[in-house]
Amino acid sequence: MISLLGGTGKIGSGLAIRFALAGEDVIIGSRNLGQATEVSDKIKGVVNGANITGKKNAGAAKVGDLIFLTIPYVTQKNLLKELENDLENKILVSVVNPYKRVKGEFQSIPLAAGSAAEEAQNQLPKTKVVSAFKNISSDILRDLDSEINCNTVVCSDDKKSKSEVMNLARKINVEPLDGGRLKGSRQLDAISVLLLNINAKYKSNSGFNITGL
């Protein structure tokens, strides 16, 4: 069972659509149960036979086996504190990008931990944090007529958890690359900000492919 905390947003709902299309059981988590139910019902309307439901974040964290964190960075610390017990011994996939917008430009938020994923791991030592899916356009994920033509780099200090997330990426036709330990997420956070600025400038939905492998 895949749960997406903050799954009513663009990236969360986009991943939910792709996972449902791949036949995965999905829960949309939200602070607002009505919004979670509304988004899950919309996905059922576009993905035939989708097994997807909406719950509040706490309920989604409790019943999910693989948890995706798809919330704005500014809400991360408080939400993880609230759900710490429910996330114990589970895989938490961080799709959180810490950035701010200053005079129309996206800028990284410097973090003492190095990255949003490392900060989450420090806060939740009994949870297996994986960083992945950070550099894929939410618009492409939500458009089923669009092919996802980019890689996702996957980083974690837990090899088994990283392998599980890489296998999940393949199920939605995204080729994963092993980015090593969780500290590699620092570069992924920075690349995300770069892509945001590129997409804003060119009015595009770009990702990236690593060639020569």
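Quantities reported herein were computed from a predicted structural model and do not represent experimental measurements. (Residues numbered from 1 in each chain as written. Predicted model: local features only at pLDDT ≥ 70, side-chain atom pairs only at ≥ 80, totals over all residues. Heavy atoms only, no water.)

### Thoughts on helix α2 (residues 33-46)
Within an α-helix, residues lying three or four positions from one another point in the same direction, as the helix has 3.6 residues per turn. Under the 1.5 Å per step criterion, the end-to-end length of α2 is 21 Å for 14 residues, consistent within 8% with the ideal 20 Å. When we look at burial in α2, the residues that qualify are A36, V39, S40 and I43. Seen from one end, α2 has its buried residues packed into an arc of 100 degrees, which puts them on one side. The outward face of α2, more than 90 degrees from its buried face, is lined by the exposed residues K42 and G45. Among the structural elements, α1 (10-21), β2 (26-30) and β3 (52-56) are those in contact with the buried residues of α2. Its side-chain oxygen placed 2.9 Å from the backbone nitrogen of G34, N32 serves as the N-cap of α2. (Helix = DSSP H or I, 4+ residues; strand = E, 2+ residues; numbered from the N terminus. Expected span 1.5 Å × (residues − 1). Buried < 20%, exposed > 50% of the residue type's maximum accessible area, 1.4 Å probe, protein only. Arc of directions from axis to C-beta. Contact = heavy atoms within 4.5 Å. Polar contact = N/O pair within 3.5 Å; in protein donor to acceptor, adjacent residues only side chain to side chain.)

### Let's talk about the nonpolar core
Counting residues in hydrophobic clusters, the biggest one holds 36 residues, and the most contacted among them are L15, F19, I43, F68, V93, F133 and V165. For this core, the secondary-structure elements that each account for two or more residues are β1 (2-5), α1, β2, α2, β4 (66-69), β5 (91-94), α6 (138-142) and α7 (159-171). A total of six residues in this core trace back to one element, the largest contributor, which is α1. For V165, the residues in contact, after removing those within four places along its chain, are L66, I91, V93, V130, A132, F133 and V154. Counting 21 residues, the second-largest nonpolar core is a separate cluster that includes Y73, L87, L111 and L182. (Core = buried A, V, L, I, M, F, W, Y, C linked by side-chain atoms within 4.5 Å.)

### Section: the sheet that holds strand β8 (residues 128-131)
In space, the eight strands of this open sheet follow the order β3-β2-β1-β4-β5-β8-β9-β10, with mixed pairing throughout. Looking at strand neighbours, the two that pair on one side only are β3 and β10 (175-178), the edges of this open sheet. Taken pair by pair, the neighbouring strands of this sheet meet at an average axis angle of 25 degrees, ignoring direction. Summarising the sheet, β2 and β3 pair through five bridges and their orientation is parallel. Bridge assignment links V26 to a residue of β3, and that residue is I52. Sheet contacts for helix α5 (residues 116-123): β5 and β8; angle to β8, the most-contacted strand, approximately 175 degrees. (Pairing = 2+ DSSP bridges. Axes fitted to C-alpha atoms, helices over the stretch in contact; angles between N-to-C directions.)

### Observations concerning a nonpolar patch on the surface
A contiguous nonpolar surface patch, about 260 Å² in accessible area, is contributed by L21, V46 and L144. Note on placement: V46 falls in helix α2. (Patch = residues over 30% accessible without salt bridge, like charges linked within 9 Å, V, L, I, M, F, W, Y side chains within 5 Å. Areas by Shrake-Rupley, 256 points an atom, 1.4 Å probe, with all protein chains shown as cover. Salt bridge = Lys/Arg side-chain N within 4 Å of Asp/Glu carboxyl O.)

### Brief notes about the packing of aromatic side chains
All chains considered together, the criterion is met by four aromatic pairs. Arranged with centres 5.2 Å apart and planes meeting at 55 degrees, the rings of F19 and F68 form a pair that is tilted. Of this pair, F19 sits in helix α1 while F68 sits in strand β4, and the two are 49 residues apart along the sequence. Here Y99 and F106 contribute two aromatic rings whose centre-to-centre distance is 5.5 Å and whose plane-to-plane angle is 80 degrees, an arrangement assigned as edge-to-face. Assessed through its relative accessible area of 36%, Y99 is described here as partly exposed. (Phe/Tyr/Trp six-rings, centres within 6.5 Å; stacked < 30°, edge-to-face > 60°.)

### What about the pattern of salt bridges?
A complete count under the given rule lists eight salt bridges for this structure. With a shortest N-O distance of 2.9 Å, K134 and D189 are connected by a salt bridge. Within this pair, whereas K134 is found in the loop between β8 and α6, its partner D189 is found in helix α8 (residues 185-202), the two being separated by 55 residues in sequence. Where D178 meets K162, a salt bridge forms, and the shortest distance between an N and an O atom there is 2.8 Å. You can see D178 sitting in strand β10 and its partner K162 sitting in helix α7, a full 16 residues away along the chain.

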